[in-house]
Amino acid sequence: MAKGHTNNPNGRPKGIPNKVTQNMREWISALIDNNREQIEDDLKALEPKDRVQMFERLMQYVVPKQQAVNAEVSARHANMSLTERLARLARGEDVPKDEN
């Protein structure tokens, strides 16, 4: 059979993990759930430096990583400071809009 071809032209639908992957994830999840106390004891037994490193490694699975953000600022109305714009808005006056 040629590479990329299958006897099942429909194949597995997108987004559906294969059975082996799904079974492995369930097994790992159960392993962790059934050994929580031991894992906590092992973490407590680590040196503080090593414990912090382990927490740092585990956090990547819980806390999303931050991405760098670039911002471009239009200088069309550069002669008007942010303070002046806010003062005008507070007085109910119109503030020129930047076109971008």
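Residues numbered from 1 in each chain as written. Predicted model: local features only at pLDDT ≥ 70, side-chain atom pairs only at ≥ 80, totals over all residues. Heavy atoms only, no water.

Draft legend 1. Molecular detail of the overall build of the protein chain. A tally of helices and strands in the protein chain yields 4 helices and 0 strands. Listing each helix as α and each strand as β along the protein chain from the N terminus yields α-α-α-α. Out of the 100 residues belonging to the protein chain, those deemed buried represent 5%. About 10,000 Å² of surface is accessible on the protein chain, with carbon and sulfur atoms providing 53% of the total. (Helix = DSSP H or I, 4+ residues; strand = E, 2+ residues; numbered from the N terminus. Buried < 20%, exposed > 50% of the residue type's maximum accessible area, 1.4 Å probe, protein only. Areas by Shrake-Rupley, 256 points an atom, 1.4 Å probe, with all protein chains shown as cover.)

Draft legend 2. Seen up close, the pattern of salt bridges. In the structure shown here, the tally under the stated rule is 4 salt bridges. For the salt bridge of Asp 33 with Arg 36, the shortest nitrogen-to-oxygen distance reads 2.6 Å. Take Asp 33: its relative accessible area is 40%, and that puts it in the partly exposed class. Judged by its relative accessible area of 49%, Arg 36 falls in the partly exposed class. Residue Glu 93 pairs with Arg 91 through a salt bridge whose shortest N-O separation is 2.9 Å. Glu 93 sits in the partly exposed class, given a relative accessible area of 36%. A single network of salt bridges, built from pairs that share partners, joins Glu 84, Arg 88, Arg 91 and Glu 93. (Salt bridge = Lys/Arg side-chain N within 4 Å of Asp/Glu carboxyl O.)

Draft legend 3. The arrangement of a nonpolar patch on the surface in detail. Taken together, the side chains of Met 24, Trp 27, Ile 28, Leu 31, Ile 32 and Ile 39 define a hydrophobic patch exposed on the protein surface, amounting to about 560 Å² of accessible area. Examining the composition of the nonpolar patch, we find that 5 residues originate from one element, helix α1 (residues 19-34), more than from any other. With respect to the secondary-structure elements, Ile 39 resides in helix α2 (residues 36-45). By relative accessible area, which is 36% here, Ile 39 ends up partly exposed. (Patch = residues over 30% accessible without salt bridge, like charges linked within 9 Å, V, L, I, M, F, W, Y side chains within 5 Å.)

Draft legend 4. Structural detail: the confidence of the model for the protein chain. Taken residue by residue, the protein chain gives an average pLDDT of 82. The fraction at 70 or more is 85%. Helix α4 (residues 82-90) is the least confidently modelled element of the protein chain, averaging 84 in pLDDT, while α2 averages 95, the highest of any element. (pLDDT = per-residue confidence, 0-100.)

Draft legend 5. Structural context of the environment of Gln 38. Note that Gln 38 resides in helix α2. Looking at Gln 38, its side chain comes within polar contact range of the side chain of Asp 42, at 2.7 Å. (Polar contact = N/O pair within 3.5 Å; in protein donor to acceptor, adjacent residues only side chain to side chain.)

Draft legend 6. The arrangement of a negative patch on the surface in detail. A contiguous patch of negative charge, built from Glu 37, Glu 40, Asp 41 and Asp 42, is present on the exposed surface. Among the secondary structure elements, Glu 40 is positioned in helix α2. (Lys, Arg positive; Asp, Glu negative; His and termini not counted. Charge placed at Lys NZ, Arg CZ, Asp CG, Glu CD.)

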